[in-house]
Amino acid sequence: MNKTIKGFTTALKGLSITFGHLFSSHKKREILPASDNNYFKQLEGTNTIQYPHQKLPIPEVGRYQLDVEMDDCIVCDLCAKVCPVNCIDIESIKATEAIGQTSDGTTKRLYAAKFDIDMAKCMYCGLCTIVCPTECIVMTNQYDKSVVELNQLTYQFSDMTPEMAIEKRKEFEQQQAERQAAKLAAMQKKEDTE
Ligand code: SF4
Ligand code: SF4
């Protein structure tokens, strides 16, 4: 009998805690940024927010989805080299001449045949954004990037087709071959005159 009473009172206690939380959690969460002093004081009696109709403000210094402004990229590969998890994959092709300038006036001499970032691997350390000499790789405020397939988290920033890449490689190789031939011809001519 004692055991029955004990079990009954324990169940009552548990239920009173459950109902206590149920009835106290009628308060709506205020939309406050994490930097607000009251941000962590909202846990008691608070429902979740109605995402995605409501969103919490994100900190200005937050690190989220990466973006690359390719017009300003000089394809120097520094971001890929510094990345601790190798999630940036760049293939460059040397151009036969200067191909333009970035917005800070840096001359562009390389094409990006490939510029992929695998955000599934990215650990949001921000190192790539720090080393970039033209500040063209940046952390945006986009954090909701739900996808169905994992490979959809690999973002491709180069718009160069494989055919264009083959053509540009050929152009550079041809230029190198012509330069080499001209150099050899000049050496031969010098030898003939001596
Ligand atoms: S934020 Fe860090 S992990 Fe992500 S791509 Fe840049 S360097 Fe790599
Ligand atoms: S460091 Fe900047 S300029 Fe260099 S390849 Fe990366 S994004 Fe382009």
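Residues numbered from 1 in each chain as written. Chains lettered and ligands numbered in written order. Predicted model: local features only at pLDDT ≥ 70, side-chain atom pairs only at ≥ 80, totals over all residues. Heavy atoms only, no water.

Give a detailed account of the overall build of the protein, specifying residues and quantitative values.
Scanning the protein from N- to C-terminus turns up four helices and seven strands. Ordered by position from N to C terminus, the α and β elements of the protein give α-β-α-β-β-β-β-α-β-β-α. Since a compact globule built from 194 residues should have a radius of gyration of about 16 Å, the 30 Å found for the protein marks it as more spread out than a globular shape. Along the first, second and third principal axes, the C-alpha set of the protein runs to 120 × 40 × 25 Å. For the protein, with 194 residues in total, the buried portion stands at 25%. Taking contacts inside the protein between residues at least 6 apart in sequence as the whole, the part at least 24 apart equals 68%. Side-chain charges of the protein comprise 23 positive and 27 negative groups, with the mean position of each set lying 11 Å from the other. (Helix = DSSP H or I, 4+ residues; strand = E, 2+ residues; numbered from the N terminus. Rg over C-alpha atoms; globule rule 2.2 N^0.38 Å. Buried < 20%, exposed > 50% of the residue type's maximum accessible area, 1.4 Å probe, protein only. Contact = heavy atoms within 4.5 Å. Lys, Arg positive; Asp, Glu negative; His and termini not counted. Charge placed at Lys NZ, Arg CZ, Asp CG, Glu CD.)

Pulling in residues and values, what's your account of the sheet that holds strand S2 (residues 88-94)?
Across the sheet, which stays open at both edges, the three strands sit in the order S2-S5-S7 with antiparallel pairing between neighbours. In this open sheet, the two edge strands, each paired with only one partner strand, are S2 and strand S7 (154-156). In this sheet, adjacent strand axes meet at a mean angle of 15 degrees when their direction is disregarded. Where S2 lies against strand S5 (residues 110-118), seven bridges are found, and the strand directions are antiparallel. In the strand pairing of S5, Ile88 is matched with Ile117. Contacts between helix H4 (residues 162-193) and the sheet are confined to S2 and S5, with S2 contributing the most and set at about 45 degrees to the helix. (Pairing = 2+ DSSP bridges. Axes fitted to C-alpha atoms, helices over the stretch in contact; angles between N-to-C directions.)

Any details on the nonpolar core? Residues and values, ideally.
If you look at the biggest cluster of nonpolar residues, it comprises 22 residues, and the most contacted ones within it are Leu66, Val68, Ile88, Phe115, Ile117 and Ile137. Residue assignment for this core shows that the elements contributing at least two residues are strand S1 (66-68), helix H2 (78-82), S2, S5 and strand S6 (137-139). With three residues, the top contributor of residues to this core is S5. Residues in contact with Phe115, not counting those within four places in the same chain, are Val68, Met70, Cys73, Cys79, Ile88, Asp89, Ile90, Tyr155, Gln156, Phe157 and Ser158. Core analysis: the next-biggest nonpolar cluster, separate from the first, contains six residues, Ala95, Ala113, Met160 and Ala165 among them. (Core = buried A, V, L, I, M, F, W, Y, C linked by side-chain atoms within 4.5 Å.)

Requested: an account of the layout of surface pockets, with residues and values cited.
The probe, sized like a water molecule, is rolled over the atoms to show the empty space still left. Within this model, the largest pocket holds a volume of roughly 230 Å³. Along its surface, the largest pocket is lined by 14 residues, and Met70, Lys108, Tyr111, Ala112 and Asp159 are the ones closest to its centre. Broken down by element, the lining of the largest pocket gets its largest block of residues, three residues, from S5. (1 Å grid on protein atoms, 1.4 Å probe; cavity = no way out; pocket = protein on both sides within 12 Å on 5 of 7 lines; lining within 4 Å. Points joined across faces, edges and corners; volume = space filled by probe spheres on them.)

Which residues make up the side chain of Thr134, and what are the values?
Here Thr134 lies in the loop between helix H3 (127-131) and S6. The class for Thr134 is buried, based on a relative accessible area of 10%. Within polar-contact distance, the side chain of Thr134 engages the backbone oxygen of Asp72 at 2.8 Å. (Polar contact = N/O pair within 3.5 Å; in protein donor to acceptor, adjacent residues only side chain to side chain.)

Can you break down the pairing of S5 residue by residue, with the values?
For S5, the buried fraction is high: seven of the nine residues fall into the buried class. Relative to S7, S5 is paired through three bridges, and the arrangement is antiparallel. Its bridge partner lying in S7, Asp116 is registered against Gln156.

How would you explain the site of ligand 2 if you had to name every residue and give the values?
As a structural note, the neighbourhood of ligand 2 is formed by 13 residues, with Cys73, Cys76, Asp77, Cys79 and Cys132 the closest of them. For ligand 2, the cavity whose grid points lie within 2 Å of the majority of its atoms is the largest cavity. The residue makeup of the shell around ligand 2, split by class, is eleven nonpolar, one polar and one charged. (Near = heavy atom within 4 Å. Sits in = over half its atoms within 2 Å of the grid points. Nonpolar A, V, L, I, M, F, W, Y, C, P; charged D, E, K, R; others polar.)

Requested: an account of unusual backbone geometry, with residues and values cited.
Residue Pro52 is bonded to the preceding Tyr51 through a cis peptide linkage, with omega at 5 degrees. On the secondary structure map, Pro52 appears in the loop between helix H1 (2-24) and S1. Despite not being glycine, Asp77 shows a phi value in the positive range, around 80 degrees. If you check the backbone angles, Tyr124 has positive phi at about 60 degrees while not being a glycine. By the secondary structure assignment, Tyr124 is in the loop between S5 and H3.

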